[in-house]
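Residue strings, one per chain:
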Amino acid sequence: VKPTVEIMAALPSVVVGFIAGLWLASRVEKQIVPVLLMLVFLQVETVMAKGDDSMARVLACVALGDFVSYHLALRHKTDPSALPGVESLKRMLSA
């Protein structure tokens with residue numbers, strides 16, 4: 001027990017907080033947020049992306065978001081390529 005306490009005393013609290021944040025973030029993301037949203041009566045759907053690593057799963061979710069936004073734009077009879085916010089940002093950055 002004493003060596004463990006000495007190691008913990010040697011670690012800065014920032015490192016301990018970072019490690020705890022990494023551990024806690026996944027639990028908050030998977031469990032607490034859907035429960036809080038259900039408390040305010042929102043319908044919550046969980047999408048589980050498939051992939052060999054976290055980057056593959058992130059890119060799969062980005063592709064799904066693009067697919068959904070494209071088909072929603074078509075369904076609402078709007079131009080899916082019209083992005084006034086992006087065009088405004090481009091003009092602002094080029095000035």
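A quick note: this is a predicted structure, and the numbers were derived from the prediction, not measured. (Residues numbered from 1 in each chain as written. Predicted model: local features only at pLDDT ≥ 70, side-chain atom pairs only at ≥ 80, totals over all residues. Heavy atoms only, no water.)

Concerning the overall build of the protein
Stage number 1. Looking only at helices and strands, the protein features four helices and zero strands.
Stage number 2. In sequence order, the protein lays out its α and β elements as α-α-α-α.
Stage number 3. The C-alpha radius of gyration computed for the protein amounts to 22 Å, which surpasses the reference 12 Å derived for 95 residues by more than 25%, pointing to a less compact arrangement than a globule.
Stage number 4. Reported as C-alpha extents along the three principal axes, the dimensions of the protein are approximately 70 × 40 × 30 Å.
Stage number 5. Taken across its 95 residues, the protein has 2% of its residues classed as buried.
Stage number 6. A total accessible area of about 8,700 Å² is found for the protein, and carbon and sulfur atoms account for 70% of it.
Stage number 7. Charged side chains of the protein number 9 positive and 8 negative; the gap between the two group centres comes to 4 Å. (Helix = DSSP H or I, 4+ residues; strand = E, 2+ residues; numbered from the N terminus. Rg over C-alpha atoms; globule rule 2.2 N^0.38 Å. Buried < 20%, exposed > 50% of the residue type's maximum accessible area, 1.4 Å probe, protein only. Areas by Shrake-Rupley, 256 points an atom, 1.4 Å probe, with all protein chains shown as cover. Lys, Arg positive; Asp, Glu negative; His and termini not counted. Charge placed at Lys NZ, Arg CZ, Asp CG, Glu CD.)

Observations concerning the pattern of salt bridges
Stage number 1. One pass over the full model with this rule turns up one salt bridge.
Stage number 2. The closest approach of N and O atoms between E87 and K90, which form a salt bridge, is 3.8 Å. On the criterion of helical spacing, the pair formed by E87 and K90 is a turn pair, its members being three residues apart in helix α4 (residues 84–94).
Stage number 3. E87 sits in the partly exposed class, given a relative accessible area of 36%. (Salt bridge = Lys/Arg side-chain N within 4 Å of Asp/Glu carboxyl O.)

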